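Here is what each chain is made of, one letter per residue.
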Amino acid sequence: FDFAGAGLLLVSLLSFLFALTLGQEIGFTSALSLALLVLAIITFAAFVYVEAHHTDPMVDLRLFRNVQFSLNLVTGFLTFVALAGVLLLIPFYLQNILGYPVQQVGMLLAVVPIALGITAPISGSLSDRFGSRPITVTGMAILVIGYLAVSTLTLTTTIFGYVLRMLPIGLGMGTFQSPNNSAIMGAVPRERLGVASGLLSLTRTLGQTTGIAVFGALWASRVAVYAGGALPGGATSAPPAAQMAGIQDTALATAVLVLIALALGLWAWRRERSAPNESMIGAPE
């Protein structure tokens, strides 16, 4: 067993996640946050070195020679960063700004997962017929539209207007996720499916954690700007107009992030069309 690689990856991930968590409270430029980030980078570099020289590595780095495999992981990571960033803020919007009771907030939050659950099986079937890349690109395009729509939420948006804006996020994520997962698992040989599945789960979890930390911090900083200074009670103590403006800015940032993922997807699609028979890499020698 690759004890050295497992230990280094454990330290690297814990350091990174602790830095993101503590950074929201004490600042990302504080000595402790920076020290944790540096530790995460150093141990991750050491992990890569160990994996490249171990006879039976925990993560076979040859898998990443497959550009399509790597790009699918990256685009999946970016979409989960954006999704977590927006879903983090929506409860604050519905309860603090629009004033809906908790029960109604819970029902309104179900719009995205319901749309995702309905769309995911359909997109999976379509990807089997037309290939995963056209479907994933379509899903990311819908996501960009959805995040741009969320950036138009206002202090007076109705329930119907809210649903119309959030629906594309659920539809886009459902359209994207199943084909992307299938493409990742299909890009590796059978004996590496366990590693690919682990990496898929890791990028999803890291994406959600990173999105909450980064976009939560972005929202709080933008709210402070619109409120005219630091807020001792936190961003939720700011006037509704300042919180609303911060949400609009954060939604635009998520749209830009997914737009980057969409550009990567389009590039990968073009690459696949020019080299449709790219072989799987990572099989044992």
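Just so it is clear, the model here is predicted, and its values are computed rather than measured. (Residues numbered from 1 in each chain as written. Predicted model: local features only at pLDDT ≥ 70, side-chain atom pairs only at ≥ 80, totals over all residues. Heavy atoms only, no water.)

Some remarks on empty space enclosed by the protein
Move 1: Scanning the model with the defined rule gives 1 cavity of 30 Å³ or more in all.
Move 2: Quantified by volume, the largest cavity comes out at close to 60 Å³.
Move 3: If you trace the largest cavity, you find it lined by Leu73, Gly76, Phe77, Phe80, Phe176, Asn180, Asn181, Ile184, Leu200, Thr203 and Arg204.
Move 4: Mapped by element, the contributors of at least two residues to the lining of the largest cavity are α3 (67–97), α7 (159–186) and α8 (193–227).
Move 5: In terms of residue class, the lining of the largest cavity is made up of 6 nonpolar, 4 polar and 1 charged. (1 Å grid on protein atoms, 1.4 Å probe; cavity = no way out; pocket = protein on both sides within 12 Å on 5 of 7 lines; lining within 4 Å. Points joined across faces, edges and corners; volume = space filled by probe spheres on them. Helix = DSSP H or I, 4+ residues; strand = E, 2+ residues; numbered from the N terminus. Nonpolar A, V, L, I, M, F, W, Y, C, P; charged D, E, K, R; others polar.)

Concerning the side chain of Arg62
Move 1: Mapped onto the elements of the fold, Arg62 is located in the loop between α2 (31–53) and α3.
Move 2: Polar contacts involving the side chain of Arg62 include one to the side chain of Asp60, which spans 2.9 Å. (Polar contact = N/O pair within 3.5 Å; in protein donor to acceptor, adjacent residues only side chain to side chain.)

What about the layout of surface pockets?
Move 1: When its volume is computed, the largest pocket comes out at roughly 570 Å³.
Move 2: Residue lining of the largest pocket: 20 residues in total, with Phe44, Leu199, Leu202, Thr203 and Leu206 positioned closest to the centre.
Move 3: Looking at the lining of the largest pocket, the elements that each hand over two or more residues are α1 (3–26), α2, α3 and α8.
Move 4: In terms of residue count, α8 provides more of the lining of the largest pocket than any other element does, 5 residues in total.
Move 5: Considered class by class, the residues forming the lining of the largest pocket number 16 nonpolar, 4 polar and no charged.
Move 6: Here the second largest pocket is characterised by a volume of approximately 270 Å³.
Move 7: As for the second largest pocket, its lining consists of 14 residues, and the residues nearest its centre are Gln24, Gly216, Ala217, Trp219 and Ala220.
Move 8: Every element with two or more residues in the lining of the second largest pocket is listed here: α1, α3 and α8.
Move 9: The dominant element in the lining of the second largest pocket, judged by the number of residues it contributes, is α8, at 5 residues.
Move 10: Its residues assigned to classes, the lining of the second largest pocket comprises 8 nonpolar, 5 polar and 1 charged.

Brief notes about the packing of aromatic side chains
Move 1: Applying the stated criterion across every chain yields a total of 4 aromatic pairs.
Move 2: With centroids separated by 5.4 Å and ring planes inclined at 25°, the aromatic side chains of Phe92 and Trp219 adopt a geometry described as stacked. Here the residue Phe92 occupies a position in helix α3, and Trp219 occupies one in helix α8, the gap between them amounting to 127 residues. (Phe/Tyr/Trp six-rings, centres within 6.5 Å; stacked < 30°, edge-to-face > 60°.)

Any functional reading would require information beyond the geometric quantities listed.
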